[in-house]
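Examination of the molecular architecture
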Amino acid sequence: MPQPSTAKMVVMGVAGSGKTTLGRGLAAPLQADFLDADDFHTPQARARVVLACSALRRAYRDVLRVGPVHFIFLDLPEEVLWTRLLERQGHYAGTGLLASQLATLERPTGAETDVITLVVGASSTPATLLERALKALG
């Protein structure tokens, strides 16, 4: 399997977008550690990592741009996000968080050349997203 040119990848998006699922899926074939920002409050120095992190504002993404990095933005319709969050059990990020996250989200622009956007539909599966992400990473 070809390896991406960067050692750091950040899977980003609002609550319920599938960051953790795709991040965990990417880590194994990329021979990378998986980190979830929900679990860490300080940066962790690792050689190759996949991090699930909201990174909603460009300023937040800029902080993560230390050395080469790829971002994978999971772009979902609002109604799909609501459905996912309503079905989610035992997670702190419920529907009450979604409106503020969508309001805070600064969608990546063309100037952010290190961002890959994956448009996710209601019928997208974790397996197809993983396949698309790996293909986009090259």
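The following paragraphs examine the structure supplied in this document. Not measured: the values here are computed from a predicted model.

Attention now moves to the sheet that holds strand S1 (residues 8-12). Across the sheet, five strands lie side by side as S2-S3-S1-S4-S5; this open sheet has parallel pairing. Of all strands in the sheet, those bounded by a partner on one side alone are strand S2 (33-36) and strand S5 (115-119). Pairs of neighbouring strands in the sheet enclose a mean axial angle of 20°, with direction left out of account. Across the sheet, helix H1 (residues 19-27) is in contact with S1, S2, strand S3 (49-52), strand S4 (69-75) and S5; its angle to S2 comes to roughly 165°. Contacts between helix H5 (residues 126-137) and the sheet are confined to S1, S4 and S5, with S5 contributing the most and set at about 150° to the helix.

The next thing to look at is the pattern of salt bridges. What the rule picks out here adds up to seven salt bridges. For Arg61, the salt bridge identified is with Glu112, shortest N-O distance 2.8 Å. With Arg61 in helix H2 (residues 58-64) and Glu112 in the loop between helix H4 (95-104) and S5, this pair connects stretches of sequence that are 51 residues apart. Residue Arg61 is classed as buried on the basis of its relative accessible area of 0%. Taking the relative accessible area as the measure of exposure, Glu112 reaches 4% and is therefore buried.

The complete set of buried residues in helix H3 (residues 78-87) reads Val80, Leu81 and Leu85. Looking straight down H3, one finds its buried side chains confined to an arc of 130°; they lie on one side. Facing away from the buried side of H3, by more than 90 degrees, are the exposed residues Glu79, Leu86 and Glu87.

Here Ser17 lies in the loop between S1 and H1. Within the structure, Ser17 has its side chain in polar contact with the backbone oxygen of Val14 (distance 2.8 Å). Look past the residues within four positions of Ser17 in its chain and what remains in contact with it is Leu74, Leu76, Leu81 and Arg84.

Procedures and definitions
Residues numbered from 1 in each chain as written. Predicted model: local features only at pLDDT ≥ 70, side-chain atom pairs only at ≥ 80, totals over all residues. Heavy atoms only, no water. Pairing = 2+ DSSP bridges. Helix = DSSP H or I, 4+ residues; strand = E, 2+ residues; numbered from the N terminus. Axes fitted to C-alpha atoms, helices over the stretch in contact; angles between N-to-C directions. Contact = heavy atoms within 4.5 Å. Salt bridge = Lys/Arg side-chain N within 4 Å of Asp/Glu carboxyl O. Buried < 20%, exposed > 50% of the residue type's maximum accessible area, 1.4 Å probe, protein only. Arc of directions from axis to C-beta. Polar contact = N/O pair within 3.5 Å; in protein donor to acceptor, adjacent residues only side chain to side chain.

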